[in-house]
Amino acid sequence: MEIIEDCFFFQNRANQEIYGCSYEPRGCSPKTGVIIVPPVGQERLRCLRESVTLARFLAQRGFPVFRFDYRGEGESSGAFEGSDVQSRLDDISEAIREFKERNGVKKICLFGVRIGALFSLIISKELSSIGLVFCEPIFDNKKYVNDLIRSHIIIVKQYFPKMNINTDDVKKKLDKGESISLYGFHAKKAFLKQLGDIDVDEYFGKFIGKAAIISFSPKDNGNEIPRKLEKFYLEMNSRGECGYSQVRTSFSWMTKKLWTDSIPGLAEKVAAAIEGWNEGV
């Protein structure tokens, strides 16, 4: 199937230029469009190429796809340290609006990756969505914030081994209005505080619909749900429908990046989930 790729800039509510790319299949009338909601910072870079390949695969299967960069990241305008959770949620809302205007899609699936999965859950109440696909989701937001602070400390000690620095030192720095480096991306207190203050249970309690969770594993676990995701899987199935699948891959968010253009098996599982939902529309 022929697809049309178009990259452009559109304005968000703050009149900043947001970079977007659309992948539109020609000659078909799809029921569902897919918006890829990316991670932030270093994790966004680690899966950028794979996201492009995924978008093209889904478009070949007849799904219009939309990718975008949050303000302060990628090709979008603004600074990373000037953005926070709310600004990213606003950018997702603007991406949804832009996608609908450009492609005429009425039903949308949000494909959220890592912390982008949590953002997708929060924003889903604002749109008519056929479902959510959570890829390697982060739902323990407080642990995630602590891990980010810990990563800053580790990097500082690698470059300045004689420097004594701990979590309290980092928090004092943030309280003064200074930023800290998260793998080269400078973040301020507002972002980390907003992230840690999210009431995840509240948003799970409000979601009624269809969802799918996809996780990565270097070995075959027989689709056994990871303990850290089991609670959310059961909760979503208590009010709606949530599937689970596993992609066997050596892809890692933490170890040295082995650059590839795709994660084998991921695109097929995403397409299968959305196609299954469409059958019931």
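Residues numbered from 1 in each chain as written. Predicted model: local features only at pLDDT ≥ 70, side-chain atom pairs only at ≥ 80, totals over all residues. Heavy atoms only, no water.

Brief notes about the pattern of salt bridges
By the definition in use, this model includes 21 salt bridges. As a salt-bridge pair, Asp-69 and Arg-44 come within 3.3 Å of each other at their nearest N and O atoms. Here the residue Asp-69 occupies a position in the loop between β4 (65-68) and α3 (85-103), and Arg-44 occupies one in helix α1 (residues 42-46), the gap between them amounting to 25 residues. The same class applies to Asp-69 and to Arg-44, which are both buried. We note a salt bridge from Arg-102 to Glu-98, for which the minimum N-O separation is 2.7 Å. (Salt bridge = Lys/Arg side-chain N within 4 Å of Asp/Glu carboxyl O. Helix = DSSP H or I, 4+ residues; strand = E, 2+ residues; numbered from the N terminus. Buried < 20%, exposed > 50% of the residue type's maximum accessible area, 1.4 Å probe, protein only.)

Re the state of the cysteines
Taken as a whole, this structure holds one disulfide when the rule is applied. With a sulfur-sulfur separation of 2.4 Å, Cys-7 is cross-linked through a disulfide to Cys-21. Between Cys-7 and Cys-21, the disulfide has an S-S torsion of 105° and is therefore right-handed. Placement of the pair is Cys-7 in strand β1 (residues 3-11) and Cys-21 in strand β2 (residues 17-25), with a sequence separation of 14 residues. For the unlinked cysteine Cys-47, the closest cysteine sulfur is that of Cys-135, found at 7.8 Å. Judged by its relative accessible area of 7%, Cys-47 falls in the buried class. In this structure Cys-242 is not part of a disulfide, and its nearest cysteine sulfur, from Cys-109, lies 12 Å away. (Disulfide = S-S within 2.5 Å.)

Structural notes on a nonpolar patch on the surface
A surface patch of nonpolar side chains, amounting to about 370 Å² of accessible area, comprises Tyr-159, Phe-160 and Met-163. Structurally, Met-163 can be placed in the loop between α5 (141-159) and α6 (167-175). (Patch = residues over 30% accessible without salt bridge, like charges linked within 9 Å, V, L, I, M, F, W, Y side chains within 5 Å. Areas by Shrake-Rupley, 256 points an atom, 1.4 Å probe, with all protein chains shown as cover.)

Observations concerning the packing of α3 against helix α4 (residues 115-123)
Each packed pair of helices is defined by two parameters, the angle between the axes and the distance between the axes. Contact geometry for α3 and α4: axes closest at 10 Å, N-to-C directions at 65°. Judged by the angle between their axes, α3 and α4 are roughly perpendicular. Pair α3 / α4 crosses with right-handed handedness. Packed against α3, whose contacting residues are Val-85, Arg-88, Leu-89, Ile-92 and Ser-93, the element α4 presents Phe-119, Ile-122 and Ile-123 at the interface. Residue classes in the contact of α3 with α4 are distributed as six nonpolar, one polar and one charged. (Axes fitted to C-alpha atoms, helices over the stretch in contact; angles between N-to-C directions. Parallel < 35°, antiparallel > 145°, perpendicular 65-115°, else oblique. Left-handed = near helix turned anticlockwise from the far one by under 90°. Contact = heavy atoms within 4.5 Å. Nonpolar A, V, L, I, M, F, W, Y, C, P; charged D, E, K, R; others polar.)

Quick notes on the packing of aromatic side chains
Counted by the stated rule, this structure contains 15 aromatic pairs. Judged by centre distance (5.9 Å) and plane angle (55°), the ring pair of Phe-10 and Phe-66 falls under tilted. Note that Phe-10 is positioned in strand β1 and Phe-66 in strand β4, a separation of 56 residues in sequence. For Phe-10, a relative accessible area of 4% translates into the label buried. Take Phe-66: its relative accessible area is 0%, and that puts it in the buried class. Ring centres of Phe-139 and Phe-204 lie 4.9 Å apart, and the angle between their planes is 90°; on these two criteria the pair is classed as edge-to-face. (Phe/Tyr/Trp six-rings, centres within 6.5 Å; stacked < 30°, edge-to-face > 60°.)

Geometric values such as these leave the question of function open.
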